[in-house]
Amino acid sequence: MKFFIDTANLEQIREAQSLGVLDGVTTNPSLMAKEGISGDAAVKSHYVAICEIVEGDVSAEVISTDFDGMISEGRILADLHANIVVKVPATADGIRAIRWFTDNGIRTNCTLIFSAGQALLAAKAGASYVSPFVGRLDDISSDGLQLIEKIRVIYDNYDYGTEILAASVRHTMHIIECAEIGADIMTGPLSAIKGLLKHPLTDSGLAQFLADHAKAKG
Ligand code: G3P
């Protein structure tokens, strides 16, 4: 399973990259705003800065909601760097735009996926990735992981090339369960990635090894 980090924070991206396990980055307008990035020029240079840290795909989301706006915005974003993937919402205009981008060699990530039907349409339109939001479904007492399972079955039935990018991943168990189900990618916060390492027996075992080594050394 590929690991993406879901942030626009350069420091966190660098830290995840330094672990040697990072395959890409996802951003969204809320994450960009959280870093105080606003205005065309600042947004563009921030995406380029992210692309320069990570050797992997970087999702950059369009703000337009109409087909023409998505196309012109997406073309500009895709021109910024070879690793940019244009993130487009799962709406009718979004699906039309994904088809256009696919036909014109621009890779896409269909975002705000909350149903198997939306994921099916996105795959038919040729999306490179779909982003089902696991955590946000859990937030409303629905089952985010069950959606990942359904999409996995549908994509396998028809050999769709679209990759399942489990998004809105909030904690380590989400990551492990996505891996068990067979999500192609997960995107989550740095805390969830680093959380995978946490185990009290690792900590106590290491402390014991070091203590024994020090004792033997005299
Ligand atoms: O990038 C989209 C998604 O991962 C958002 O996550 O935690 O805001 O639901 P969250």
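Overview of the structure. (Residues numbered from 1 in each chain as written. Predicted model: local features only at pLDDT ≥ 70, side-chain atom pairs only at ≥ 80, totals over all residues. Heavy atoms only, no water.)

## What about the site of the ligand?
Then, in step 1: The environment of the ligand is formed by D6, N28, K87, F133, R136, A167, S168 and R170.
Then, in step 2: Side-chain polar atom of D6 to an oxygen atom of the ligand: 2.5 Å apart, as the coordinates give it.
Then, in step 3: In the environment of the ligand, an oxygen atom lies 3.3 Å from a nitrogen or oxygen atom belonging to the side chain of K87.
Then, in step 4: Looking at the shell around the ligand residue by residue, the class counts come to two nonpolar, two polar and four charged. (Near = heavy atom within 4 Å. Polar contact = N/O pair within 3.5 Å; in protein donor to acceptor, adjacent residues only side chain to side chain. Nonpolar A, V, L, I, M, F, W, Y, C, P; charged D, E, K, R; others polar.)

## A look at the nonpolar core
Then, in step 1: Formed by 58 residues in total, the largest nonpolar core has its most connected members in I5, I13, C110 and A166.
Then, in step 2: Among the elements that take part in this core, helix α8 (residues 144-158) stands out by supplying five residues, more than any other.
Then, in step 3: When neighbours within four sequence positions are excluded, C110 is seen to be in contact with V88, P89, A90, I95, I98, A122, A127, Y129, V130 and S131. (Core = buried A, V, L, I, M, F, W, Y, C linked by side-chain atoms within 4.5 Å. Buried < 20%, exposed > 50% of the residue type's maximum accessible area, 1.4 Å probe, protein only. Helix = DSSP H or I, 4+ residues; strand = E, 2+ residues; numbered from the N terminus. Contact = heavy atoms within 4.5 Å.)

## Describing unusual backbone geometry
Then, in step 1: Notably, S141 is not glycine yet its phi reads approximately 60 degrees, a positive angle.
Then, in step 2: Note on placement: S141 falls in the loop between α7 (134-139) and α8.
Then, in step 3: Its identity as a non-glycine residue notwithstanding, D159 has a phi of 55 degrees, on the positive side.
Then, in step 4: If you trace the backbone, D159 turns up in the loop between α8 and β7 (163-166).

## Remarks on the side chain of K87
Then, in step 1: When you line up the elements, K87 lands in strand β4 (residues 84-89).
Then, in step 2: Among the polar contacts made by the side chain of K87, one reaches the main-chain carbonyl oxygen of T27 at a distance of 2.8 Å.
Then, in step 3: Apart from the residues within four sequence positions on either side, K87 is in contact with T26, T27, N28, S59, A60, E61, V62, N109 and T111.

## Structural notes on the packing of aromatic side chains
Then, in step 1: Within the structure shown, the criterion is met by five aromatic pairs.
Then, in step 2: Ring centres of Y155 and Y160 lie 5.7 Å apart, and the angle between their planes is 75 degrees; this geometry places the pair in the edge-to-face category.
Then, in step 3: A residue is classified by how much of its surface remains accessible, and Y155, at 1% relative accessible area, is buried.
Then, in step 4: Looking at Y160, the relative accessible area reads 24%, which means it is partly exposed.
Then, in step 5: The lysine or arginine in question, R96, covers the ring of F67, its NZ or CZ lying 4.1 Å from the ring centre. (Phe/Tyr/Trp six-rings, centres within 6.5 Å; stacked < 30°, edge-to-face > 60°. Lys NZ or Arg CZ within 6 Å of the ring centre and 35° of its normal.)

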